[in-house]
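Tertiary structure, described
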Amino acid sequence: MHSTNYHAAITAAEAASLLSSAEDGALLAGGQTLLPTMKARLAAPSDLVDISRAEELRGISITDGAATIGAMTTHAEVAGHAALRSAFPALCDLAGRIGDPAVRHRGTIGGSLANNDPAACYPAAVLGTGAIISTNTRDIAADDYFQGLFATALDAGEVITSITFPIPRAANYQKFAQPASRFALVGVFVAQFAEGVRVAVTGASEEGVFRWTDAETSLSSDFTADAIGGLSVRSQGMISDLHGDGSYRANLVQVLTARAVAAAS
Amino acid sequence: MSQGIGAAVKRKEDKRFTTGKGKYTDDIRMENQAYAAFVRSPHAHARVNNMDTSAAEAMDGVIAILNGAELTGDGIGNIICGWAITSKDGSPMNMGAWSALATEKTRYVGDAVAIVIAETNAQARAAAEAVEIDYEELPVAASLAAALADGAPQIHENAPGNIVYDWEIGENDATEAALADAAHITEMDITNNRLSPNPMEPRSAVAIYDDAEDHYTLYTTSQNPHVARLVLSAFYNVAPEHKLRVIAPDVGGGFGSKIYIYPEEIACLWASMKTNRSVKWTSDRTEAFLTDAHGRDHVTKARMGFDQDGRIVGFKVSTKANFGAYMSLFSSAVPTYLYATLLSGTYNIPNIYCEVLGVYTNTVPVDAYRGAGRPEASYLVERMIETAARELGKDPADLRNINFIREFPHQTPVIMNYDSGDFEGNMRQAMVAADWAGFGARKAESAMRGKLRGIGMSCYIEACGIAPSAAVGSLGAGVGLWESAEVRMNPVGTIEVLTGSHSHGQGHETTFAQVVADRFGVPIDTVQIVHGDTDKVQFGMGTYGSRSGPVGMSAIVKALDKLEVKIRKLAAHLLEASEADIVIEDGQVKVDGTNKVLAWHEVGLAAYTGHNLPEGMEPGLKEGAFYDPLNFTFPMGCFICEVEVDPQTGKTEILKFVASDDFGTIINPMIVEGQVHGGIAQGVGQAMLEEVRYSEDGQQLSASYMDYAMPRADDLPDFDVLHHSTPCTTNPLGMKGCGEAGAIGTPPAVINAITDAIGNNDLSMPATPAKVWAALNSAKVAAE
Ligand SMILES: Cc1cc2nc3c(=O)[nH]c(=O)nc-3n(C[C@H](O)[C@H](O)[C@H](O)COP(=O)(O)OP(=O)(O)OC[C@H]3O[C@@H](n4cnc5c(N)ncnc54)[C@H](O)[C@@H]3O)c2cc1C
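Here the structure is a predicted model, which is why all the values come from computation and not from measurement.

1. Focus: the packing of aromatic side chains
For the structure on display, the rule yields 29 aromatic pairs over all chains. Here a set of aromatic residues connected by ring pairs shows up, and it is made of Phe88(A), Phe165(A), Tyr173(A) and Phe189(A).

2. Let's talk about the nonpolar core
Residues and elements named next belong to chain B. Counting residues in hydrophobic clusters, the biggest one holds 180 residues, and the most contacted among them are Ile115, Leu232, Phe315 and Leu343. No other element matches helix H19 (residues 741-758), which puts nine residues into this core. Contacts of Ile115, omitting those with residues within four sequence positions, involve Ala36, Ala37, Phe38, Ala64, Ile65, Leu66, Leu101, Ala267, Cys268, Trp270 and Ala271. Core analysis: the second largest hydrophobic core is formed by 47 residues, Ile524, Leu570, Leu613 and Met617 among them.

3. Looking at the pattern of salt bridges
Applying the stated criterion across every chain, the model contains 61 salt bridges over all chains. Put simply, Asp241(A) and Arg249(A) hold a salt bridge, and the shortest N to O gap is 3.0 Å. Connected through salt bridges with shared partners, the residues Arg40(B), Arg125(B), Arg203(B), Glu264(B), Glu265(B), Asp284(B), Glu287(B) and Asp292(B) form a single ionic network.

4. Examining unusual backbone geometry
All names here are of chain B. A cis geometry characterises the amide bond from Phe408 onward to Pro409, with omega recorded as -5 degrees. With respect to the helices, strands and loops of the structure, Pro409 is situated in the loop between helix H11 (396-403) and strand E16 (410-411). Cis geometry marks the peptide bond from Met765 to Pro766; its omega dihedral reads -5 degrees. Inspection of the secondary structure assignment puts Pro766 in the loop between H19 and helix H20 (769-783). Its identity is not glycine, yet Asp214 carries a phi of approximately 50 degrees, on the positive side. Along the chain, the position of Asp214 falls in the loop between strand E9 (204-210) and strand E10 (215-220). Residues other than glycine seldom take positive phi values, yet Ser546 does so here, at roughly 50 degrees. If you trace the backbone, Ser546 turns up in the loop between strand E21 (527-530) and helix H16 (548-575).

5. Focus on the sheet that holds strand E18 (residues 452-461) of chain B
Remark on secondary structure: sheet strands pair via backbone hydrogen bonds, oriented parallel or antiparallel. Residues and elements named next belong to chain B. The mixed open sheet is built from four strands, whose spatial order is E18-E26-E27-E28. Two strands close off the open sheet at either side, each with one partner strand: E18 and strand E28 (719-723). The average undirected angle you get between the axes of adjacent strands in this sheet is 10 degrees. As defined by bridge partners, strand E27 (residues 652-662) adjoins E28 across five bridges and the pair is classed as parallel. Among the inter-strand pairings, Phe657 is bridged to a residue of E28, identified as Phe719.

6. A few points about the side chain of Asp646(B)
Mapped onto the elements, Asp646(B) comes out in the loop between strand E26 (636-645) and E27. On the basis of relative accessibility, which here comes to 10%, the residue Asp646(B) falls in the buried class. Not counting chain neighbours up to four residues away, the residues in contact with Asp646(B) comprise Arg259(A), Lys451(B) and Lys651(B).

7. Here we look at the site of the ligand
All names here are of chain A. In the neighbourhood of the ligand, 27 residues make up the surrounding shell, with Leu27, Gly31, Gln32, Leu34 and Thr108 lying closest. Between an oxygen atom of the ligand and a main-chain N or O atom of Gln32, the distance comes to 2.7 Å. Take Thr33: an N or O atom from its main chain is 2.9 Å from an oxygen atom of the ligand. Expressed as a share of its isolated accessible area of 970 Å², the protein-covered part of the ligand is 88%. Every element with two or more residues in the shell around the ligand is listed here: strand E2 (25-28) and helix H7 (109-115). Ranked by the residues each element gives to the shell around the ligand, the list is headed by H7, at three residues. For the shell around the ligand, the class distribution of residues is 14 nonpolar, ten polar and three charged. For the shell around the ligand, the domains that each give at least three residues are domain 1 (5-50) and domain 2 (168-265).

8. Quick notes on the domain arrangement of chain A
Many descriptions give the size of an interface as the accessible area lost when the pieces come together. Partitioning chain A into structural domains gives domain 1 (5-50) and domain 2 (168-265). For domain 1 of chain A and domain 2 of chain A, the distance between their C-alpha centroids amounts to 34 Å.

Cut-off values and rules
Every chain is numbered independently, its residues counted from 1 as its sequence is written. Both sets of labels track the order of writing: A upward for chains, 1 upward for ligands. Restriction of local features to residues with pLDDT of at least 70 applies here, the model being predicted, together with a cutoff of 80 or more for giving and counting side-chain atom pairs; totals for whole chains, interfaces and linings are based on all residues. Side-chain measures were taken over the full set of non-hydrogen atoms in the model, leaving aside hydrogen atoms and water. Note on aromatic pairs: the rings of Phe, Tyr and Trp (six-membered ring only in Trp) are paired at centre separations within 6.5 Å, and the planes decide the class, stacked below 30 degrees, edge-to-face beyond 60, tilted for the rest. For this analysis, a nonpolar core means a set of buried residues of the types Ala, Val, Leu, Ile, Met, Phe, Trp, Tyr and Cys, connected via side-chain atoms within 4.5 Å. Think of it in three bands: residues with accessible area under 20% of the maximum for their type are buried, residues over 50% are exposed, and the middle band is partly exposed, with areas taken using a 1.4 Å probe on protein chains only. Going along the chain from the N terminus, every DSSP run of H or I of four or more residues is numbered as a helix, and every run of E of two or more is numbered as a strand. It only takes one pair of heavy atoms within 4.5 Å for two residues to be counted as in contact. Here, a salt bridge means any Lys or Arg side-chain nitrogen found within 4 Å of an Asp or Glu carboxyl oxygen. Between any two strands, pairing holds if DSSP finds at least two bridges. Lines are fitted to the C-alpha atoms to define the axes, a helix being fitted only along its stretch in contact, and any angle between axes, read from their N-to-C directions, falls within 0 to 180 degrees. Whether a residue is near a molecule or strand depends on its heavy atoms: if one lies within 4 Å, it is near. We call two N or O atoms a polar contact when they sit within 3.5 Å, provided that within protein one can donate a hydrogen and the other can accept it, with sequence-adjacent residues counted only if both atoms are side-chain atoms. Methods summary: accessible areas were calculated by the Shrake-Rupley approach with a probe of 1.4 Å, and residue burial reflects only the protein chains presented. Under the scheme applied here, ten amino acids are nonpolar (Ala, Val, Leu, Ile, Met, Phe, Trp, Tyr, Cys and Pro), four are charged (Asp, Glu, Lys and Arg), and all others, including Gly, are polar. Residue ranges assigned to the domains are those given by an automatic or database domain assignment.

Next up, the structure:
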């Protein structure tokens, strides 16, 4: 690891101001992505701004039809939140299958969304429900937020403060784990709302998380696994790597979507 | 409860390991300690035109930056390969030079070109990054195919066509003739995937130069510290043996990868002298992927012929073995004498011929890794016979059974002479435990759930305790493969055993003490096992090839024999009895049929006071032995694996895994079971998860745990571990060895099961979900 200056911020505003005065600063949330990257000497921020003690960025609140989760909330807190589990179990299940217990007790929803790893799980839930990402300066709709591999609508120095999920009638996340990293080789989040169904796919596309709109249309009129039986997923543009080629990933998109619909509750 | 042979006593060493009190090389801290970092080639094949260290040298904390020219200038020798293999045409193998720090050319990504010594680890690494090197990139051959292609880049000048050797064993004409008359021939192309060993503790070295004594000490992660001292001294010219102490303290796993003396240890020792500082280097996980010797990497074509009754008449094998960029210490022996000599498997095969082409590529050196040659052989033989059974429409157990060797000793056509075994008995026991007969019903039940169930077996045999020294010497080995032991009984009756074996997870502190407890009836807590330090222990050969049981413990037995003779003589004198009437049991020395008895410490005291010794007896109680094995030992067994495949995703779940092994005598069943568990886990890793992959330009694509899939607990079922032992007839305890069997026997059982489930035999390791799904689809397309 290269040497770096450490700062702790206890509010989002303080974090933003520390970042703006740093030469090449980075927020440190759970550190589950950033610290391994720094240890491998692939990232060398001049300053780290630790937001892990910023209480205003933590916690889960559930109001009529929506769940708001603070950016600094860990995966374990999401997975184990009783009220959230009864309102929106699919999100708790997703969080409960990220990484291992150590990762889940450090890693955060804000860090995951800021990083936008193409194989990460939360992006599927956020895009699959049309959630809102709130930052210290604005609210960003999920459809505008994800902009490709590791790319988001966040400006330099912008701090995610919370994420607000509309609570679906029924939802499910199916994750097929990459054998080595156990990130999603493909993950599919299906959510049914009164207005229709959303289907978001992570892990599969060279352009990052995406909505499978053909499936959304079919499922909006008939929310059964059979409804997507006639659809096909194109393998073009799908990631090909050591763990599976594009046609395999395209197959998984189809299989996992059908399973998510069948399992949605 | 007995603590002797056969007792499942808990491991003495685990208190320190499980409480974080183990002392590993990286835990060693010297007062004048500096840190080393290596400047490594980012290119798989490049000429080093110029190295500019000026900016790096000016950085904070930098003590020295040393390169290959200075190293060779100081007379440090090239890295050797310790087993000379002779090609078919009688020519010696074509070995390219391997300098600890590359001078003109780098030949794999990670090849070290300079060593940076600095006050802190961070400073050393930062300076290593700041060294500017003008590389001229050369064309790369990162695979067997690329290295053997027409016009392939020449990796070493003295290995034309990148061929190290073209070796053979067995009778080609007789084998071809037998195949020509065969009623059926099974033909297969088989790849044995390349693996990275991944011990939990990465490699590490602390080199300490004492200028007043002109003496060196090296703490290092070694499976064989004496062998390390020997080659560092005799070949690398670091220091004469009496001026070099090598200590391998607690070592966290090796699997073969810590047998070898790597460039880093050599460079640290030399740099310690150059800078007059103690120099520490500890590999990080990336460096481990980039520099620890890999394993396997064979491509084979094979034909096995059968007569009308299904008896094997001939087996012809042609293998290409990837050695990577340099010939590592034991590399040459792995695809020859540790592989082709096991091609008879557990079967009576009258004619065998095997040829092996050893090939240089621009990849990490490849050497012995848990099993070393025998996993490649058993995978080949057991995939062939299973495939033949399918082709012949026979039950795979029946086909094996009619071919099993039943009489011992059995001389195979490929050197090995099997001493003992009950191959059918083992298979039957495994089949009962696996409910082989009930498989059809289980398959039907899976089918109702839309799943594909398959079952596969493997009746492996392997060879441990490589031996005897004269025989391996005649085959080209540069060392003898005996083992040493010294047993010291102290004046108070406690016992120290100094062994040339080295424990890096195997539990020797417990099992070796059990052998002593068994002999004298003393508690294991009064027995201390001393190993891993060339200043304490007489020369020894170390631990690999499951040799510490059959060879290392045999040496202890020989030393105990001598000690017992002296104790009896002394006790007979003291108790005024005849030696024949002396009985040693429960830590006491008695005269049979009387109440005359000496407590254990009384024997020790008598020997060391020397006040009343028999005529001519020297004081003290200390005996040593060097044991040279008479033959290899041959552990064997039958593994049965049952899997269920999800046809929609290709994901395979192992539902049941039965291992029935013949390890001969078992000292500690709990430790043996642990060895089998670990071996099976690594075997499942090879079969389903692990593979080192390179890009065409020689970059390792799988050099982190994000892409290299290690087996985890939830990838594995509960194992049924059974034994069906026949004692080895060629060593005193009847032991065969158990350290590698799991890794050797597992891959074919798993792949036989998966291919059975999916109905397509064309499946290579690792059988990842994507590959299984593709194989299912191509089977479907073929059927349409
Ligand atoms: C072994 C392992 C397994 C994993 N498995 C999975 C998995 O299966 N699925 C999965 O989805 N993920 C997985 N992860 C990633 C894990 O979920 C991380 O926790 C997450 O991606 C990053 O969150 P963090 O809080 O650790 O962020 P950090 O590592 O602290 O930060 C990540 C990035 O986000 C930025 N950042 C952090 N917080 C904010 C904020 N509030 N506003 C703006 N920018 C911010 C940081 O500056 C940094 O650039 C795994 C990680 C590990 C180590």
